[in-house]
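# Summary of the model geometry
Take a look at the letters that make up each chain.
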Amino acid sequence: MDFNLSEEQLMIQQAARDFAQNELLPGVIERDRDQKFPTEQIKKMGEMGLMGMMVDPKYGGAGMDSISYVLAMEEIAKIDASAAVVMSVNNSLVCAGLEKFASEEQKVKYLTPLASGEVIGAFALSEPEAGSDATSQKTTAEDKGDYYLLNGIKNWITNGGTATYYIVIAQTDPEKKHKGINAFIVEKGWEGFEIGLKEDKLGIRGSDTHSLIFNNVKVPKENRIGEDGFGFNFAMAVLNGGRIGIASQALGIASGAYELALKYAKTRKAFRTEIINHQAIAFKLADMATQITAARMLCFKAAAEKDQGKDISESGAMAKLYASQVAMDTTIEAVQIHGGYGYVKEYHVERMMRDAKITQIYEGTSEIQKIVISRSISK
């Protein structure tokens, strides 16, 4: 057990930190206000290798380890949680799934531009009646011989309007229930594929969240991922890894809010001294620092186990469950420490508080994480 980061990991962390400060911080308040997607910033993240961090370089990726991914995600999320979730989805849900389960032809055609950051991807699982219950897919993919006919609606899709390629989960054989579900690669622009209205969200307003509508979309047979009926297992495997990404996003939101609160507490005076000298504030900061460190260790543990090829269903769920709670608690306290200033946009912490909430909801709610953990510990 070694808690020291390698020289390469420290370099990646610093590079992500510098990028976040220099490229993401300017305009982050305005992007949140206007729901503006960080197009230029995401393009630069792709050029830095941040959009396919763990993908083999032969497919356009950076070939890094999962610890490096956690480090970079935390630094990006400290400044802009919207950019962080774009990065998380492309890395954890799209690229990771394609590299592990796609055919060689699919990797060359789709994974390479996604991992290099040339384009971005989206993962379409949730539906109006199938969020936490992923087995209840109403979107259908009817087998027509050499192609599938895709019909249905997907909800809450991150990168829904900006993605070029979409991994879509659909039901092919309802009688087989979850064993009749398939995963498909769908391209933007195909006939019958429509992108719905952009959601007006509480937080992560810089990321674009859309519904997707499929009306008799022809999906070639070669765009199915894996064998017939593999879709549900594909989705669950991908989500296990995705939870590390969202846990790291939550960690970044928490640590970013903590750093702002600490800085403010060292300069703001009340009762003739800096407020950090008041026990009421000092103890808040002590709790925040401890909880953030614990969340970081859980993220590192899940990431290390992923790189070791271990089952990360439990460790990933623990990391997401705890880090998302820490993000929520820390941002609330950061607003409190800032007092009235915490309630206005220019001090950033009110945005972080709004951003934190979604980490308890998407890629498996906190309640779902508890189900995953309780099933694991009961074995």
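Residues numbered from 1 in each chain as written. Predicted model: local features only at pLDDT ≥ 70, side-chain atom pairs only at ≥ 80, totals over all residues. Heavy atoms only, no water.

### Details of the overall build of the protein
What the protein contains, in helices and strands, is 11 helices and 9 strands. In terms of overall dimensions, the protein is globule-like: its C-alpha atoms have a radius of gyration of 21 Å, near the 21 Å expected for 379 residues. Taking the principal axes of its C-alpha atoms as reference, the protein extends roughly 80 × 45 × 40 Å. Sequence-distant contacts, at least 24 apart, represent 73% of the contacts inside the protein between residues at least 6 apart. Of the charged side chains in the protein, 43 are positive and 50 negative; the average position of the first set lies 4 Å away from that of the second. (Helix = DSSP H or I, 4+ residues; strand = E, 2+ residues; numbered from the N terminus. Rg over C-alpha atoms; globule rule 2.2 N^0.38 Å. Contact = heavy atoms within 4.5 Å. Lys, Arg positive; Asp, Glu negative; His and termini not counted. Charge placed at Lys NZ, Arg CZ, Asp CG, Glu CD.)

### Describing the domain arrangement of the protein
Each assigned domain of the protein is listed with its residue range as follows: domain 1 (7–120), domain 2 (122–229) and domain 3 (232–378). Here the C-alpha centre of domain 3 lies 30 Å away from the C-alpha centre of domain 2. Taken over both partners, the interface formed by domain 2 and domain 3 buries close to 1200 Å², and the fraction arising from carbon and sulfur atoms is 77%. At the surface where domain 2 touches domain 3, the tally comes to 0 salt bridges. Between the two partners, domain 2 and domain 3, sit 2 residue pairs in polar contact (both at pLDDT 80 or more). When contributions to the side of domain 2 that touches domain 3 are tallied by element, the ones reaching two or more residues are strand 4 (165–171) and strand 5 (181–187). When grouped by side-chain class, the residues that make up the side of domain 2 that touches domain 3 number 10 nonpolar, 4 polar and 1 charged. (Domains from an automatic or database assignment. Buried area = accessible area lost by both parts, 1.4 Å probe. Salt bridge = Lys/Arg side-chain N within 4 Å of Asp/Glu carboxyl O. Polar contact = N/O pair within 3.5 Å; in protein donor to acceptor, adjacent residues only side chain to side chain. Nonpolar A, V, L, I, M, F, W, Y, C, P; charged D, E, K, R; others polar.)

### A short note on the nonpolar core
L98, F123, I167, I169, F234, L285 and I337 are the most contacted members of the largest nonpolar core, which has 69 residues in total. If one sorts the elements of this core by residue count, helix 7 (residues 231–267) sits on top with 17 residues. Apart from residues no more than four positions distant in its own chain, I337 is found in contact with A261, Y264, A265, I275, I281, K284, L285 and M288. Formed by 24 residues, the second largest nonpolar core is a distinct cluster that contains M64, M73, I76 and I120. (Core = buried A, V, L, I, M, F, W, Y, C linked by side-chain atoms within 4.5 Å. Buried < 20%, exposed > 50% of the residue type's maximum accessible area, 1.4 Å probe, protein only.)

### With respect to the layout of surface pockets
The space that makes up the largest pocket amounts to roughly 1200 Å³. Around the largest pocket sit 41 residues that line it, and G131, L239, E363, G364 and T365 are the ones nearest its centre. Elements with a contribution of two residues or more to the lining of the largest pocket: helix 5 (81–101), strand 3 (147–158), helix 7, helix 9 (313–338), helix 10 (349–358) and helix 11 (366–377). A class-by-class count of the residues in the lining of the largest pocket yields 18 nonpolar, 13 polar and 10 charged. Mapping the lining of the largest pocket onto the domain boundaries places at least three of its residues in each of domain 2 (122–229) and domain 3 (232–378). Considered as a void within the structure, the second largest pocket measures approximately 480 Å³ in volume. If you trace the second largest pocket, you find 25 residues lining it, with K100, A237, G241, K306 and I312 closest to the centre. Of all the secondary structure elements, the ones that give two or more residues to the lining of the second largest pocket are helix 4 (66–79), helix 5, helix 7 and helix 8 (279–307). For the lining of the second largest pocket, the element with the most residues is helix 5, which contributes 7 residues. (1 Å grid on protein atoms, 1.4 Å probe; cavity = no way out; pocket = protein on both sides within 12 Å on 5 of 7 lines; lining within 4 Å. Points joined across faces, edges and corners; volume = space filled by probe spheres on them.)

### As for a nonpolar patch on the surface
Together, M1, F3 and M297 line one region of the surface with nonpolar side chains, adding up to about 420 Å² of accessible area. When you line up the elements, M297 lands in helix 8. (Patch = residues over 30% accessible without salt bridge, like charges linked within 9 Å, V, L, I, M, F, W, Y side chains within 5 Å. Areas by Shrake-Rupley, 256 points an atom, 1.4 Å probe, with all protein chains shown as cover.)

### Description of empty space enclosed by the protein
Counted according to the given criterion, the structure contains 1 cavity of 30 Å³ or more. Here the largest cavity defines a volume of roughly 50 Å³. As for the largest cavity, its lining consists of V28, R31, D32, K36, P38, D80, S82, R205, G206, R351 and D355. Only helix 2 (28–34) and helix 10 provide two or more residues apiece to the lining of the largest cavity. Among the elements that line the lining of the largest cavity, the one with the most residues is helix 2, at 3 residues. Across the lining of the largest cavity, the residue classes break down as 2 nonpolar, 2 polar and 7 charged.

### Things to note about unusual backbone geometry
If you check the backbone angles, N159 has positive phi at about 65 degrees while not being a glycine. Secondary-structure assignment places N159 in the loop between strand 3 and strand 4. N159 gets classed as buried once you look at its relative accessible area, which sits at 0%. With a phi close to 55 degrees, K177 is a non-glycine residue in the positive phi region.

### Looking at the UniProt feature "domain: Acyl-CoA dehydrogenase/oxidase C-terminal" (unreviewed entry) in the protein
Per the UniProt entry, the sites bearing "domain: Acyl-CoA dehydrogenase/oxidase C-terminal" (unreviewed entry) are residues 231–377 in this numbering. Helix makes up 78% of residues 231–377 and strand 3%, whereas the separation of the span's terminal C-alpha atoms amounts to 26 Å. (UniProt positions renumbered as here; feature names shortened; annotations may be inferred.)

### What to know about the packing of aromatic side chains
Going through the model one piece at a time under the given rule, you end up with 10 aromatic pairs. Residues F193 and F214 carry aromatic rings whose centres are separated by 4.9 Å and whose planes lie at 20 degrees to one another, so their mutual orientation is stacked. Remark: F214 occurs in strand 7 (residues 209–220) and F193 occurs in strand 6 (residues 193–198); sequence separation between them is 21 residues. Residue F214 is classed as buried on the basis of its relative accessible area of 2%. Every member of this aromatic cluster is reached through a ring pair, and the members are F101, F230 and F234. The positively charged end of K218 is found above the aromatic ring belonging to Y147, 5.0 Å away from the centroid. (Phe/Tyr/Trp six-rings, centres within 6.5 Å; stacked < 30°, edge-to-face > 60°. Lys NZ or Arg CZ within 6 Å of the ring centre and 35° of its normal.)

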